[in-house]
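Here are the chains, one letter per residue:
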Amino acid sequence: MWCLLLSIVAAVILGFFAIPDFTAIKFVSKAGFWLVLLAFAIFLRAAWSSFAPDIRTLRWRNIDWLSVAVIALGGLVLQVHETHGFKILMDEIMLLGASLSMHLDKTVLVPIRGSDIQGSFVILDGLMDKRPLFFPFLVSLLHDLTGYRPANAFVLNGGLTFLFLSLVHLTGRLLAGRVVGWLGVALFAGLPLLGQNATGGGFELLNLVMILVTMLLGARFVEKRDGPSLTLFCYSALLLAQVRYESVIYLLPVAILIVWVWVQERRVILAWPVVLAPLLMVHYPMQHRIFNLRPSAWELASRPGSDSQFSLHYVVENLSHARDFFFAAPTNQPNSLVLSVLGCLAVPFFVLLVLKRLRRLGSERPASIAVTLFALGFAAQFVLLMVYFFGQFDNVIIRRLSLPTHLGMVIAIMAVLPQFAKPAIDRVLLGIALLGLVASGV
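Predicted, not measured: the structure shown is a model, and the values here were computed from it. (Residues numbered from 1 in each chain as written. Predicted model: local features only at pLDDT ≥ 70, side-chain atom pairs only at ≥ 80, totals over all residues. Heavy atoms only, no water.)

1. As for the overall build of the protein chain
Let me state the cut-off plainly: Numbering of helices and strands runs from the N terminus, with a helix taken as a DSSP run of H or I at least four residues long and a strand as a DSSP run of E at least two residues long. Both definitions apply: the radius of gyration is a C-alpha atom measure, and the globule rule equals 2.2 Å times residues to the power 0.38. Here the term buried applies to any residue with accessible area under 20% of the maximum for its type, exposed to any over 50%, and partly exposed to those in between, with areas from a 1.4 Å probe on protein chains only. By definition in these notes, contact holds between two residues if any of their heavy atoms fall within 4.5 Å. The charged-residue count follows a simple rule in which Lys and Arg add positive charge and Asp and Glu add negative charge, with His and chain termini not counted at all. The atom standing in for a charge is NZ when the residue is Lys, CZ when it is Arg, CG when it is Asp and CD when it is Glu.
Of the regular secondary structure elements, the protein chain holds 19 helices and two strands. Whereas a compact globule of 442 residues would reach a radius of gyration of roughly 22 Å, the protein chain reaches 22 Å, a difference of no more than 12%. Taking the principal axes of its C-alpha atoms as reference, the protein chain extends roughly 65 × 55 × 50 Å. In the protein chain, which comprises 442 residues, the proportion classed as buried is 55%. Long-range contacts, defined as pairs at least 24 residues apart, comprise 77% of the intrachain contacts of the protein chain with a sequence gap of at least 6. Positive and negative side-chain charges in the protein chain, numbering 33 and 23 respectively, have mean positions lying 9 Å apart.

Printed below as a string of structure tokens:
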């Protein structure tokens, strides 16, 4: 425990104070790939260590093939929703450029100048980007296997589409049963905004996947309460924080969950990879120095009249934009009226359920405990976006930021349904979701 505290203090000093801004950016450019690679390798090793016994006992005849078919059909709907291509050009091209430099020479740069030298493409000059590193890192691994292909970004998001729907189904199944898992898949398959990102080259889908993976691994840690499950949970959270800027918020419910388990066990459960984890995050605050060196990276000029990045006076306007997005006609916004209506009805009940469960958390099932604590993360992220100067969900560039809120709404629906204890309600809502998918989603 003392080593963990020392590691945290060292990471804070190195990441925020000890290294000058220009030196920190250069360090991220040279070492960022290797730090992410090491964290990812530890994550995969911990996953094998934790899940190997379950995999060995898995039998094909025990697989729910009907649910597999539902997930496959939902993923297919999202993948044929529109043409594959780069949708948010600046963001997605910058991510692709970073993946090229990671592939060619294991540095983090967006190429600006390059040349073919004796048959090999060489990057001569580049720019350190502000976007976190995990998505371009994964795309660079595909480049390593196939050679550099811009379409590898679409390949990755295509695979993540089916993985995401599988995780949604698993979450619903753990919370309320098989039919509710199908309901979650149908609600997301009928969300055109998700289809746009599933066929694009951005990091939004990876962000959703990592949120769900981390939440489910939190439930597994509550159940197992051992070193491998803790390592897997921590490194999943570490990688999640490196997908989108604001995803670092989810480290809060992760920390609360770990401390809660320690208190329940009356002992500290630790493993050496967890002790080292803060040092493997040191490049994250260093990369954030870009906003100090290039204030234009905040893009305040894109919203004339904005005087600060975050302020309470943005809340009323942003809430009205959120309302206009969630309840707009499907011809005007890539929303899902079925998901919006059901989600807004479920959220108040979900808030009451969370407050109720927080008072008796120790008697809840592992999945319910994880969902209860991660509800704090969904709420914190939504609040952050509402005080953000560019938090207008109905803006063509910004509406993708609503996807974690959509995920929170679907989880709210799945969490409150068991409280009604009427299976017929689940089937009726599934029928409504399928009708919405056919009538407006596609």
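Having seen the model, we can carry on.
2. Let's talk about the nonpolar core
Quick note on the threshold: Only buried residues count toward a nonpolar core. Its members are Ala, Val, Leu, Ile, Met, Phe, Trp, Tyr and Cys residues joined through side-chain atoms within 4.5 Å.
Grouped together as the largest cluster of nonpolar side chains are 132 residues, with contacts concentrated most on Phe134, Phe164, Leu187, Phe188, Leu194, Tyr235 and Leu407. No other element matches the 14 residues that helix H9 (residues 204-224) contributes to this core. In contact with phenylalanine 134, other than residues within four places in its own chain, are Val36, Phe40, Leu206, Met210, Leu239, Gln242 and Val243.

3. A word on the side chain of threonine 405
As for its position among the elements, threonine 405 is in helix H18 (residues 403-416). Its relative accessible area of 16% is what places threonine 405 among the buried residues. Threonine 405 has contacts with Phe326, Phe382 and Phe393, leaving out every residue within four places of it along the chain.

4. What to know about helix H11 (residues 251-265)
Applicable threshold: Take the number of residues in a helix, subtract one, and multiply by 1.5 Å to get its expected span.
With 15 residues, H11 should cover 21 Å at 1.5 Å per step; its first-to-last C-alpha distance of 21 Å lies within 8% of that length. Backbone geometry just downstream of H11 places arginine 266 in the positive-phi region, at approximately 60 degrees.

5. Some points on the pairing of strand S1 (residues 110-117)
Note the following rule: What makes two strands pair is DSSP finding at least two bridges between them.
As paired strands, S1 and strand S2 (residues 120-127) are joined by seven bridges and run antiparallel to one another. Within S2, the position partnered with aspartate 116 by the bridge is phenylalanine 121. Joining the antiparallel neighbours S1 and S2 is a turn of two residues, in which glutamine 118 adopts a positive phi near 50 degrees.

6. Notes on the environment of alanine 346
Structurally, alanine 346 can be placed in helix H16 (residues 337-359). Judged by its relative accessible area of 5%, alanine 346 is buried. C-alpha separation for the pair alanine 346 and alanine 412, spaced 66 residues apart in sequence, amounts to 5.8 Å. When near neighbours in sequence (up to four residues on either side) are disregarded, alanine 346 contacts Ala412, Ile413 and Val416.

7. Things to note about the side chain of threonine 107
Here is the rule: Distance and chemistry together define a polar contact, namely a pair of N or O atoms within 3.5 Å, with one atom able to donate a hydrogen and the other to accept it when in protein, and with adjacent residues in sequence counting only for side-chain atoms on both sides.
Among the secondary structure elements, threonine 107 is positioned in the loop between helix H4 (89-105) and S1. On the basis of relative accessible area, threonine 107 is assigned to the buried category, the value being 11%. Polar contacts involving the side chain of threonine 107 include one to the side chain of aspartate 105, which spans 2.7 Å. Among residues more than four places away in sequence, those in contact with threonine 107 are Ser29, Lys30, Ala98, Ser101 and Met102.

8. Section: the pattern of salt bridges
The condition is simple: In the sections that follow, a salt bridge refers to a side-chain nitrogen of Lys or Arg positioned within 4 Å of a carboxyl oxygen of Asp or Glu.
This model, assessed by the stated rule, comprises 19 salt bridges. Taking the shortest distance from any N to any O, the salt bridge between aspartate 144 and lysine 106 comes out at 3.2 Å. Here aspartate 144 is found in helix H5 (residues 134-146), whereas its partner lysine 106 is found in the loop between H4 and S1, with 38 residues between them in sequence. Measuring nitrogen to oxygen at the nearest pair gives 2.7 Å for the salt bridge that ties arginine 244 to glutamate 246. Here the salt bridges do not stand alone but share partners, grouping Asp91, Asp129, Arg131, Glu204, Arg244, Glu246 and Arg400 into one network.

9. Some thoughts on the environment of isoleucine 93
Considering the arrangement of structural elements, one finds isoleucine 93 in helix H4. Sequence separation between isoleucine 93 and valine 282 is 189 residues; the distance between their C-alpha atoms is 26 Å.

10. Here's the deal with a nonpolar patch on the surface
The following threshold applies: Here the term patch refers to residues with relative accessible area over 30% and no salt bridge, with like charges joined within 9 Å and nonpolar side chains (Val, Leu, Ile, Met, Phe, Trp, Tyr) within 5 Å. Residue exposure ignores everything except the shown protein chains as possible cover, and the areas themselves are Shrake-Rupley values with a 1.4 Å probe.
Taken together, the side chains of Met1, Trp2, Leu5, Ile8, Val9, Val12, Ile13, Phe16, Phe17 and Val268 make up a nonpolar region of the molecular surface, amounting to roughly 1000 Å² of accessible area. Mapped onto the elements, methionine 1 comes out in the segment before helix H1 (2-18).

11. Focus: the packing of aromatic side chains
What counts, and what does not: Planes of paired rings set the category: under 30 degrees apart is stacked, over 60 is edge-to-face and the rest tilted, where pairs are Phe, Tyr or Trp rings (Trp by its six-membered ring) whose centres lie within 6.5 Å.
Scanning the model with the defined rule gives 22 aromatic pairs in all. For the ring pair phenylalanine 86 and phenylalanine 154, a centre distance of 4.9 Å and an interplane angle of 50 degrees mean the geometry is tilted. Residue phenylalanine 86 is located in the loop between helix H3 (65-79) and H4, and its partner phenylalanine 154 is located in helix H6 (residues 152-176); the two are separated by 68 residues in the primary sequence. By relative accessible area, which is 15% here, phenylalanine 154 ends up buried. Both rings, one in tryptophan 298 and one in phenylalanine 310, keep their centres 6.0 Å apart while their planes meet at 90 degrees; by these two values the pair is edge-to-face. Taken together, the residues tryptophan 298 in the loop between helix H14 (290-293) and helix H15 (315-326) and phenylalanine 310 in the loop between H14 and H15 connect sequence positions 12 residues apart. According to the relative accessible area criterion, phenylalanine 310 is partly exposed, its value standing at 40%. Taken together through their ring pairs, the aromatic side chains of Tyr245, Phe291, Trp298, Phe310, Tyr388, Phe389 and Phe390 make up a single cluster.

12. Structural notes on helix H19 (residues 423-441)
Under the convention used in this document: The directions considered for the arc run from the helix axis to the C-beta atoms.
Helix length check: H19, at 19 residues, gives a terminal C-alpha distance of 25 Å against a target of 27 Å (1.5 Å per residue), a fit within 8%. Among the residues of H19, those classed as buried are Asp426, Leu429, Leu430, Ala433, Gly436, Leu437 and Gly441. The buried residues of H19 all sit within an arc of 125 degrees when viewed along its axis, so they share a single face. Set apart from the buried face of H19 by more than 90 degrees, the exposed residues are Arg427, Leu435, Val438 and Ala439.

So, to be careful, I would describe these as geometric facts and stop short of saying anything about function.
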